[in-house]
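Summary of structural features
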Amino acid sequence: MSTSAPPATPDKAPDKADERLLRTSPLRKLMGRPELGSVVGAVAVFVFFSVVADAFLRTSSLATVLYAASTLGIMAVPVALLMIGGEFDLSAGVMVTSSALISSMFSYQMTANVWVGALVSLLVTLGLGAFNGLMLTRTKLPSFIITLGTFLMLTGLNLGLTKLISGTVSTKSIGDMEGFPSAKSVFGEFTVGDTTVKATIVWWLVLIALATWILLRTRFGNWIFAVGGGADAARAVGVPVKRTKILLYMGVAFAAWVSGQHLLFSFDVVQSGEGVGNELTYIIAAVIGGCLITGGYGSAIGSAVGALIFGMTSKGIVYAEWNPDWFKFFLGAMLLLATLLNAWVRKRAEATT
């Protein structure tokens, strides 16, 4: 005796597919990317300066733009990861100068190979990053307060120790010391055939690739997004929140060390007052690239595009022969426009899901 199948009920209709099996269209995926707004902005800035500045499209000019973007982008990448994790680092700018000062003064005072000074600088700079992370996780104070305190302390130490040791506000020349040429080729510039390549561009591209892989392909990347989305919820599902934040601060410190060595081995001497204010530029590049102030959203590629916009604007104004005093105005306008565009893109992406 055979029985017929019961009629399908509306909530179990056979033609209704499980939403988890639905394929997402390429357009919807594109709309969901955090760097979409910054890419649109970068194209607009490039077209704008290509029209108003005849010298902008020259090969030498584009190389200068890329170099300017890379010096900022090296720091913008780990700062973006830190912001995705829901924190800030206001000491990042002066930490760059601190790493350069430590390397230079240790090498000069100890008459050691400059690589020894660079290694000591790396250890101390990573220690500074770990200090920020530990203070944040132990005291539960906002990262704004913790890193503002570090910023002020490093600013004073940079100036006070440099004058105490060197007698002036700048370090002594180490250009004739052992190891300087090889260090310059790693952190300053090197030659490929007849072409001189700025090392910061290579460092920048490597950091972008590494950070993107970490965010999209590793467990630690999932931890970063989880911590930024909500530390308590992340902790409840087993995410090591404290360790994640400490490592993120150490990542910023490592990039500060790379930038500091570039500063030293490109110009031989370091001014102790440099770096103040650069931390805001790193944050601006990350925000333009799609990172949210509240954390949990953003990308390393977006921060790179934000740095590229910065480079095109800073040099494009010069090539257009405008008054450079207007640069901060354009930077602020781009920050607001990029933030509004990113918010609009997110709303559209959420509405289509």
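The numbering scheme is per chain: residues are counted from 1 as the chain's sequence reads. Since the coordinates come from a predicted model, pLDDT governs what is reported: local features require at least 70, and pairs of side-chain atoms require 80 or more to be given and counted, while whole-chain, interface and lining totals use all residues. Hydrogen atoms and water are omitted, and side-chain values are computed over all heavy atoms in the structure.

1. Digging into a nonpolar patch on the surface
Spelled out, the test is: What makes a patch is a set of residues exposed beyond 30% relative accessible area and free of salt bridges, joined within 9 Å when like-charged and within 5 Å when nonpolar (Val, Leu, Ile, Met, Phe, Trp, Tyr). Here, Shrake-Rupley sampling with a 1.4 Å probe gives the accessible areas, and only protein chains in the shown set may cover a residue. Salt bridge, as used here: a side-chain nitrogen of Lys or Arg that lies within 4 Å of a carboxyl oxygen of Asp or Glu. The secondary structure listing takes helices from DSSP runs of H or I that are at least 4 residues long and strands from runs of E that are at least 2 residues long, numbered from the N terminus.
On the surface, Val-39, Val-43, Phe-46, Val-47, Phe-48, Val-51, Val-52, Leu-57, Leu-62 and Trp-322 cluster together into a nonpolar patch covering about 820 Å² of accessible area. For the nonpolar patch, the element with the most residues is helix H2 (residues 36-52), which contributes seven residues. With respect to the helices, strands and loops of the structure, Leu-62 is situated in helix H3 (residues 59-84).

2. Regarding the pattern of salt bridges
Put simply, the rule reads: Only protein chains enter the area calculation, which uses a 1.4 Å probe; residues under 20% of their type maximum are buried, those over 50% are exposed, and those in between are partly exposed.
Across all of its chains, the model carries three salt bridges by this definition. With its nearest N and O atoms 2.6 Å apart, the salt bridge here joins Lys-245 to Glu-87. Of the two residues, Lys-245 is situated in helix H11 (residues 241-267) and Glu-87 in the loop between H3 and helix H4 (92-109); the sequence distance between them amounts to 158 residues. Here Lys-245 matches Glu-87 in class, with each residue buried. Where Arg-235 meets Asp-232, a salt bridge forms, and the shortest distance between an N and an O atom there is 3.1 Å. On the criterion of helical spacing, the pair formed by Arg-235 and Asp-232 is a turn pair, its members being three residues apart in helix H10 (residues 231-236).

3. Brief notes about the confidence of the model for the protein chain
This is how the line gets drawn: Summary of the metric used: pLDDT quantifies the predictor's per-residue confidence within the range 0 to 100. Two residues qualify as a contact provided that any one of their heavy atoms is within 4.5 Å of a heavy atom in the partner residue.
Residue-level pLDDT values for the protein chain average 87, and 88% of them are 70 or greater. Within the protein chain, the element-level pLDDT minimum falls on helix H1 (residues 26-31), averaging 61, and the maximum on helix H5 (residues 114-139), averaging 97. Counting contacts from residues 1-6, a segment whose pLDDT is below 50, to residues more than four positions away or on other chains yields zero contacts. Per-residue pLDDT stays below 50 along residues 8-22; that stretch engages in three contacts with residues further than four places along the chain or on separate chains.

4. Some thoughts on the packing of aromatic side chains
Filter applied, for reference: Only rings of Phe, Tyr and Trp enter the pairing, Trp through its six-membered ring, and a pair is recorded when the two centres are within 6.5 Å. The plane angle decides the type: under 30 degrees is stacked, over 60 is edge-to-face, the rest tilted. The criterion for a charge sitting over a ring is simple: Lys NZ or Arg CZ within 6 Å of the ring centre, and within 35 degrees of the ring normal.
Considering all chains together, one arrives at 13 aromatic pairs under this definition. Here the aromatic rings of Phe-220 and Trp-223 are separated by 6.2 Å at their centres, their planes lie at 75°, and the arrangement is edge-to-face. With Phe-220 and Trp-223 both in helix H9 (residues 219-229), this residue pair falls three residues apart, about one helical turn. Among the aromatic residues, ring-to-ring pairing joins Trp-115, Phe-180, Phe-187, Trp-203, Phe-254, Trp-257 and Phe-265 into one connected group. Residue placement shows Lys-198 over the ring face of Tyr-67; its charged tip is 5.0 Å from the ring centre.

5. Comments concerning unusual backbone geometry
Even without a glycine there, the phi angle at Lys-140 is positive, about 65°. Overall, the relative accessible area of 58% leaves Lys-140 in the exposed class. Phi is positive for Asp-268, which is not a glycine, with a value near 75°.

6. Focus on the nonpolar core
Where we set the bar: In these notes, a set of buried Ala, Val, Leu, Ile, Met, Phe, Trp, Tyr and Cys residues joined through side-chain atoms within 4.5 Å is what counts as a nonpolar core.
Counting 78 residues, the largest nonpolar core has Met-75, Trp-204, Phe-265 and Ile-309 as its most contacted members. Looking at which element gives the most residues to this core, the answer is H3, with 13 residues. What Phe-265 contacts, discounting residues up to four positions off in sequence, is Ser-103, Val-114, Ile-174, Phe-180, Ala-183, Lys-184 and Phe-187.

7. Some remarks on the packing of helix H7 (residues 180-187) against helix H8 (residues 199-217)
The following threshold applies: In this analysis an axis means a line fitted to C-alpha atoms, helices contributing only their contacting stretch, and an angle means the value between N-to-C directions, from 0 to 180 degrees. For classification purposes, angles smaller than 35 degrees are called roughly parallel, those larger than 145 roughly antiparallel, those between 65 and 115 roughly perpendicular, and all remaining angles oblique. Note that Gly is not counted as nonpolar here; it falls among the polar residues with everything else outside the nonpolar set of Ala, Val, Leu, Ile, Met, Phe, Trp, Tyr, Cys and Pro and the charged set of Asp, Glu, Lys and Arg.
Close contact between H7 and H8 brings their axes to 6 Å; oriented N to C, the two are set at 50°. What the angle tells us is that H7 and H8 run oblique. For the pair formed by H7 and H8, the contact residues are Ser-185, Val-186 and Phe-187 on the first element and Ala-199, Thr-200 and Trp-203 on the second. Broken down by class, the residue content of the contact of H7 with H8 amounts to four nonpolar, two polar and no charged.

8. With respect to H9
Put simply, the rule is: Each C-beta atom gives one direction from the helix axis, and the arc is the one those directions make.
What H9 keeps buried is the set Gly-221, Trp-223, Ile-224, Val-227 and Gly-228. Taken end-on, H9 shows its buried residues confined to a sector of 155°, consistent with a single buried face. Exposed positions of H9 whose direction lies more than 90 degrees from the buried face are Arg-219, Asn-222 and Gly-229. In this structure, the buried residues of H9 make contact with H3, H8, H10 and H11.

9. A short note on the pairing of strand E1 (residues 189-192)
When a strand is regular, its side chains alternate between the sheet's two faces. This is how it is decided: In this analysis, strands are considered paired if DSSP registers two or more bridges between them.
Here E1 pairs with strand E2 (residues 195-198) via four bridges, running antiparallel. Residue pairing for E2: Thr-191 is matched across the bridge by Thr-196. Where E1 hands over to E2, the hairpin turn is made up of two residues, of which Gly-193 adopts a positive phi near 70°.

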